Amino acid sequence: MSNRMLSEAATDQLVSVCRTAVGDELRSVTYFTEDTVEQLYLRDDLERSADLVGFADHERSGFHSQAYYCNTQLGSYEATIRMFENGFLTRVIDEGDDDEFSQGVWITTDSMSIDRFEELTVGLRSALEEVRNGIEARQE
């Protein structure tokens, strides 16, 4: 029995969306909820030294901070992009309609154009919704 949070199909779907949008610039893909964190993909040339729990604690703040941006002229929250010396970290969150189940993905990449970030965000939002629907269906 696996201790994975996501099914293999859901994992493959999330990684595939990222690989399609980002290509070889994709460094890692990590899925998280309020209680769990799981690295889904890590490029072969990178070390498994990141503090996933620490990253997850920071990225979970997005579950709550989205409310601060509601009803602004900026529109609805879509994603967070952070720039670093060696690449980017993008966080996409899905809270569903009832706010009872929050999940997200953060992706690290090498440098790439903003258009690809937008494509990545759209694809991940759709994939996370499908993952949530699958989780909710299993719980019924």
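What you see is a predicted model, and the numbers here were worked out from it, not measured in a lab.

So, about the pairing of strand β5 (residues 103–109). Here β5 lies mainly inside the structure; seven of its seven residues are buried. Alternating positions in β5 separate into two faces, Gln-103, Val-105, Ile-107 and Thr-109 on one and Gly-104, Trp-106 and Thr-108 on the other, with burial throughout. Sheet topology note: the strand β1 (residues 26–33)/β5 ladder contains seven bridges and is antiparallel. The residue bridging Phe-32 from the neighbouring strand is Gly-104, located in β5. As judged from the seven bridges shared by strand β4 (residues 87–94) and β5, these two strands associate in the antiparallel manner. Bridge pairing in β5 links Thr-90 to Ile-107.

Before going further, it helps to examine the pattern of salt bridges. A complete count under the given rule lists nine salt bridges for this structure. With its nearest N and O atoms 2.8 Å apart, the salt bridge here joins Glu-25 to Arg-116. Of this pair, Glu-25 sits in the loop between α1 (8–22) and β1 while Arg-116 sits in helix α4 (residues 114–139), and the two are 91 residues apart along the sequence. Under the relative-accessibility criterion, Arg-116 is labelled partly exposed at 24%. Across the pair Glu-59 and Arg-82 runs a salt bridge whose closest N-O atoms are separated by 2.9 Å. Of the two residues, Glu-59 sits in helix α2 (residues 52–59) while Arg-82 sits in strand β3 (residues 80–84), which places them 23 residues apart along the sequence. Judged by relative accessible area, Glu-59 falls into the buried class, the value being 2%. Within the structure, one salt-bridge network assembled from shared partners comprises Arg-27, Arg-43, Asp-45 and Asp-110.

Criteria and cut-off values
- Residues numbered from 1 in each chain as written.
- Predicted model: local features only at pLDDT ≥ 70, side-chain atom pairs only at ≥ 80, totals over all residues.
- Heavy atoms only, no water.
- Buried < 20%, exposed > 50% of the residue type's maximum accessible area, 1.4 Å probe, protein only.
- Helix = DSSP H or I, 4+ residues; strand = E, 2+ residues; numbered from the N terminus.
- Pairing = 2+ DSSP bridges.
- Salt bridge = Lys/Arg side-chain N within 4 Å of Asp/Glu carboxyl O.

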